[in-house]
Amino acid sequence: MSAIALLVVRILLAVGLYAFLGWAFWTLYRDLVIQSRSLSADALPKLSLKVQGEQKLHSFQKLEVLVGREAGCDVHLVDSTVSGRHARLIYRQGQWWLEDLNSTNGTFLNQMRLAEPMALTVGDLIRCGQVEFEIENLA
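The text that follows walks through the structure, step by step, so that each part is easy to find.

Parameters at a glance
Residues numbered from 1 in each chain as written. Predicted model: local features only at pLDDT ≥ 70, side-chain atom pairs only at ≥ 80, totals over all residues. Heavy atoms only, no water. Pairing = 2+ DSSP bridges. Helix = DSSP H or I, 4+ residues; strand = E, 2+ residues; numbered from the N terminus. Salt bridge = Lys/Arg side-chain N within 4 Å of Asp/Glu carboxyl O. Buried < 20%, exposed > 50% of the residue type's maximum accessible area, 1.4 Å probe, protein only.

A few words on the sheet that holds strand β5 (residues 87-92). Within the open sheet, the 5 strands sit side by side as β4-β3-β5-β6-β9. Their pairing is mixed. The outermost strands of the open sheet, each flanked by one partner alone, are β4 (75-76) and β9 (118-119). The pairing of β5 with strand β6 (residues 95-100) spans 6 bridges and is classified as antiparallel. Its bridge partner being in β6, Ala-87 is matched across the sheet by Asp-100.

Okay, here's the thing in structure tokens:
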């Protein structure tokens, strides 16, 4: 009888040990996922835009911001001089860049028409068609 009781105790100890190890690894995994999400969100600087004539400040914390007339664009501009997908603001190489997406009326940065992607700084004026907006914040 004592051999059976000893076998049951050993099985219970083994199950308890594996349950504890599973719980410990699950907790470590969950903490690593939470920490990686918070670090990746902190690594992206906030981009803030102010469209001329609007009181609202558009703020984004993502890698790519689309500007255009399409409803799916992040900065939705209701103007006939703006193309559906007019321009793109993209974060790469540690800074924000402005890129024209082959728009009909062109994209301008500080009154100069974009021929290639250009790096942005605070205070830059961007014009898409007839709509202007200013870079308020890049950090």
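After presenting the structure, the write-up continues.
On to unusual backbone geometry, then. A positive phi angle, close to 55°, is found at Gln-93, a residue other than glycine. Note that Gln-93 resides in the loop between β5 and β6. A positive phi angle is found at Gln-111, which is not glycine, with a value near 70°. Within the secondary structure, Gln-111 sits in the loop between β7 (107-109) and β8 (112-113).

So, about the sheet that holds strand β10 (residues 125-128). The antiparallel open sheet is built from 6 strands, whose spatial order is β2-β1-β11-β10-β7-β8. Of all the strands in the sheet, the pair left with one neighbour each is β2 (57-60) and β8. Both β7 and β10 contribute to a ladder of 3 bridges, which runs antiparallel. By the bridge assignment, Thr-107 is partnered in β10 with Cys-128.

Let's shift gears to the pattern of salt bridges. Within this structure, the stated rule accounts for 3 salt bridges. One salt bridge in this structure joins Asp-74 and Lys-62, with 2.8 Å as the shortest N-O distance. On the criterion of sequence distance, the pair formed by Asp-74 in the loop between β3 (64-68) and β4 and Lys-62 in the loop between β2 and β3 is long-range, its members being 12 residues apart. Look at Asp-74 and you get partly exposed, because its relative accessible area is 26%. By relative accessible area, which is 33% here, Lys-62 ends up partly exposed. Here Glu-64 ties to Arg-88 by a salt bridge, and the two come within 3.1 Å at their closest N and O atoms. With Glu-64 in strand β3 and Arg-88 in strand β5, this residue pair connects regions lying 24 residues apart in the sequence. Salt bridges sharing common partners tie together Glu-64, Arg-88 and Glu-99.

By themselves these figures say nothing about function.
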